[in-house]
Every structure is written in structure tokens, then in C-alpha cells.
Amino acid sequence: MAGGNERSMKALKEVWKRAENSLCADCGKPDPDWASSTLGVFICLSCSGIHRNIPSISKVKSLKMDHWDDAQVQFLAKHGNAVTKATYEAHIPIYYYQPNYNDCQVLREQWIRAKYERKEFTEPGKQLPYSDGVKEGILWKRGRDNGQFLPRKFLLSEREGCLKYFTKQDAKEPKINVKIDVINATFQPVKIGNPNGLQITYLKDNKTRNIFVYHESGKEVVDWFNAIRSVQFHYLKVAFPIASNNEIKNRLTRNFLKEGYMEKTGPKQREAFKRRWFTLDHRRLMYFKDPLDAFAKGEVFVGSRENGYSVQKGLPSGTQGNFSWHYGLTIVTPDREYLFTCETETDQLDWIAAFTSVINQAMTPQEYASKCLDAVSFPS
């Protein structure tokens, strides 16, 4: 028996160390140490917990702690991540968002369920709930002024190229009607306080407007997210006919580069520093009194190094404003310097890294066109 166990473990390790199995099959996290004995994929601990919630589809075991018999090892050897992906990921729409290990639970869970439970990507041309160019339904939306979440009817239309929402089910005119090309959507479960929380942003009069929504069903809210991406993709294919699919895919919804609290002072740099919530959305740096504010109190354009932008650790000598956090940083623009302080050195270094990543990128023609935001300064 001992010899049999040794033989199985040796065979298991051989399959485990194949290059194709070095990343989690579902989220891409390195060095997965769990596997599904029924699907034949190697997965990380976090994804194994999701698999465990669909026992009719997947039986998971630890590669280090559990016993694997010869038949199970042979099954893994016959399958593995490459073979299984070829089946369950054969026909993923180009616009469909494939989450990684940094993404929130609802995105990763619905990705796993879409692949293995609903088999959404096994057949070409399959009709999917986010692929037909129109979606209508109820989402719980946070009120701009009262902060209450109330059910609102939303309508997404590829034909009209817009997203609408209505305050009443039978309303004929929408409260908003937003063109699809100015919309972004990103999951924000912690900020919104709901595991299915989705933040939808769009530009209104060259300022960012935030809408915070959720749905009780994780599947439904992820379907909305991918429906927005689908409509955006087809809109951009028409608008930019010579662009490749990957180029267009990279212009769909995006996560914010960084969010969090910093202290800021006003343009005279003598005012007291005030604690505010900041969002860096590529080249737009916005600040809010509250993370769930509908509109930013101020926005500034963050350009590239060759256009005179830089980020520096610390504050200029002689800074007069009173501040309670002591890890400073300075954003230098052609027009003025913006001074911030962070609570910890880790926060300071993370913000500097985020700003540096933007400043080191060359500006696109579209970004040059939007550079007029430079004239918008942070008020005190």
C-alpha cells in the first residue's frame, strides 16, 4: 500500500509541475495547490472555496494534504488546465471580463459558474444574457442626496448607444440618458457596502458623475457589467473600424488605478490640510468629501513626464498649512503644485507608484484633447 501511495504522489507531482498547471485555472494566481478531481483543473485556495459551493460540478482536494488515488491522478494527467480550458473557455466573447485573483468575489464566482455550471463558453454563437445588445431590469440605486438605495428601472440599448434609468417603472422619460462611450463600470463591494456593489461613472459637462448600484443576485449584476462591455465593444467597432479587437477590448471598462484617503491643501498652500477621498482614474485625479458622493469636489488632469508632470516624495520646504499626516507627496504640473499627505508610508509609496505609472505613459491624441481639465483646480 505504501508503495502505491508513493507511486501516486510521484505521478501527482509530475502532473502538478507541468507549466500549464503553474497558474490557477480560474484566476491566474501562481502556484495553485488545490485541484478539482472531477474537472481536472489546478486551482488556488480562494477559487477552491467557490468550487466547493458547486459540489454537483466540482469536487476539490488539496494537493498537499489530501490523498489522491491512482484513478484520480490519471484523470488529472489526462486533463489539466490546458485541456479543460480548451473545452470550457473555447468561445469566450472578446468583451467578456475574465477576472484575476485581485478581483472581487462576485466577479470570480460568476466567472467560475459561467464556465463550469452554466457552460456559457462551450459552444460558438450561444445566446447569452449579456450578448443581444439590450438589457432591461431593476437595480437598487443609491440616491444622490439622501443616500438611500431604491429600486430603479435601467435600460441598456446597443441600437440607441446609451444607458438610461427611470425613477418609476411606468415613467416615459428617463432620469438620465448616457451615451455608452462615456460610461465606465467597476465593482466596488467594500465602498458600497454590498458584495454585489457596482459603480457606474460617466462624464457630464466634462465632470465625472458617479452612480452606485447593486442587485441581490450576483449573476444579474455581473450580467449587467458584461452587457455594458458588450454594447461598448460593438459601438467602438463601428466608431473605429480599423482598430483590432484587442485594441477595442483595452478601451472597455477599467478599474481605478488607486483610491483612498489623503489630506490636501488649497491652491495658496497656506490653508489647513483636509482629509478627503481620492480616486485616480487613469489621468483624472478626483477628490470627494465622501467616497459615495455623486460628484467630485475637484478634478485635475495628470499628464505625462514629457509634458512637465512629475510626482515627488515629500512636501516643499516651508509648507505652511497644518497637517496631521506626515507622509507627504507633491504632484507637479505645468501650472501649479498639488500637495498631499498620507497616513502611512505604505500609502505614500503606493500613491507615488500609481502616479508614476501614469506620468511615465505617453499621452494619446484623445488625452491631449481632454487636457483642458488642467484648468480645473482643487478648491480649498
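Residues numbered from 1 in each chain as written. Predicted model: local features only at pLDDT ≥ 70, side-chain atom pairs only at ≥ 80, totals over all residues. Heavy atoms only, no water.

Note the cut-off: UniProt positions are given in the numbering used here, feature names are shortened, and annotations may be inferred rather than shown by experiment.
Within an unreviewed UniProt entry, the label attached to the protein reads ADAP1 protein, and the organism entered is Spizaetus tyrannus. Under the Subcellular location (unreviewed entry) heading, UniProt states for the protein: "Cytoplasm".

## Regarding the sheet that holds strand β6 (residues 162-166)
Heads up, the condition is: Strands are labelled as partners when DSSP assigns at least two bridges between them. Each helix corresponds to a stretch of at least 4 residues labelled H or I by DSSP, and each strand to a stretch of at least 2 residues labelled E; elements are numbered beginning at the N terminus. Angles shown run from 0 to 180 degrees and are taken between the N-to-C directions of axes, each axis being a line fitted to C-alpha atoms and, for helices, limited to the stretch in contact.
Here we have 7 strands laid out as an open sheet, ordered β7-β6-β5-β4-β10-β9-β8, and antiparallel in their pairing. Of all strands in the sheet, those bounded by a partner on one side alone are β7 (176-179) and β8 (183-187). Along the sheet, successive strands turn relative to each other by an average axial angle of 35°, direction set aside. As defined by bridge partners, strand β4 (residues 134-142) adjoins strand β10 (residues 207-214) across 2 bridges and the pair is classed as antiparallel. Across the sheet, residue W140 finds its bridge partner in β10, namely Y214.

## Things to note about the pattern of salt bridges
Heads up, the rule is: In what follows, salt bridge is the name for a side-chain nitrogen of Lys or Arg lying within 4 Å of a carboxyl oxygen of Asp or Glu. The cut-offs for exposure are 20% and 50% of the maximum accessible area for each residue type, with area from a 1.4 Å probe on protein chains only; residues under the lower value are buried, those over the upper are exposed, and the others partly exposed.
Going through the model one piece at a time under the given rule, you end up with 18 salt bridges. In this structure, the salt-bridge partner of E160 is R159, at a minimum N-O distance of 3.7 Å. For E160, a relative accessible area of 30% translates into the label partly exposed. Looking at R159, the relative accessible area reads 75%, which means it is exposed. Measuring nitrogen to oxygen at the nearest pair gives 2.8 Å for the salt bridge that ties E160 to K164. What you see here is one network of salt bridges that share partners, running through D26, K85, E89 and K115.

## Describing the packing of helix α2 (residues 45-52) against helix α5 (residues 105-117)
Here is the rule we go by: The scheme is simple: roughly parallel for angles under 35 degrees, roughly antiparallel for over 145, roughly perpendicular for 65 to 115, oblique for anything else. Crossing handedness follows the turn of the near helix against the far one: under a right angle anticlockwise gives a left-handed crossing, and clockwise gives a right-handed one. Residue contacts follow a heavy-atom distance rule, with two residues in contact if any of their heavy atoms lie within 4.5 Å. Polar here means any residue other than Ala, Val, Leu, Ile, Met, Phe, Trp, Tyr, Cys and Pro, which are nonpolar, and Asp, Glu, Lys and Arg, which are charged; Gly is therefore polar.
One way to put it is that α2 packs onto α5 with a least axis distance of 10 Å and a crossing angle of 55°. By the criterion of interaxial angle, the relationship of α2 to α5 is oblique. The two elements α2 and α5 meet at a crossing, and its hand is right-handed. Contacts from S46, C47, I50 and H51 in α2 reach Q105, R108, E109, I112 and Y116 in α5. Looking at the contact of α2 with α5 residue by residue, the classes come out as 4 nonpolar, 3 polar and 2 charged.

## Topic: the nonpolar core
The condition is simple: Throughout, nonpolar core names a set of buried Ala, Val, Leu, Ile, Met, Phe, Trp, Tyr and Cys residues whose side chains join them through atoms within 4.5 Å. Segmentation of the chain into domains, including their bounds, is taken from an automatic or database domain assignment.
Ranked by internal contacts, the top residues of the largest apolar core, which has 55 residues, are I43, L156, I183, F187, L198 and I200. A per-element tally of this core places helix α7 (residues 218-239) first, with 9 residues. For this core, the two domains that each supply at least three residues are domain 1 (1-117) and domain 2 (134-250). Counting 22 residues, the second-largest nonpolar core is a separate cluster that includes F340, C342, A354 and M363.

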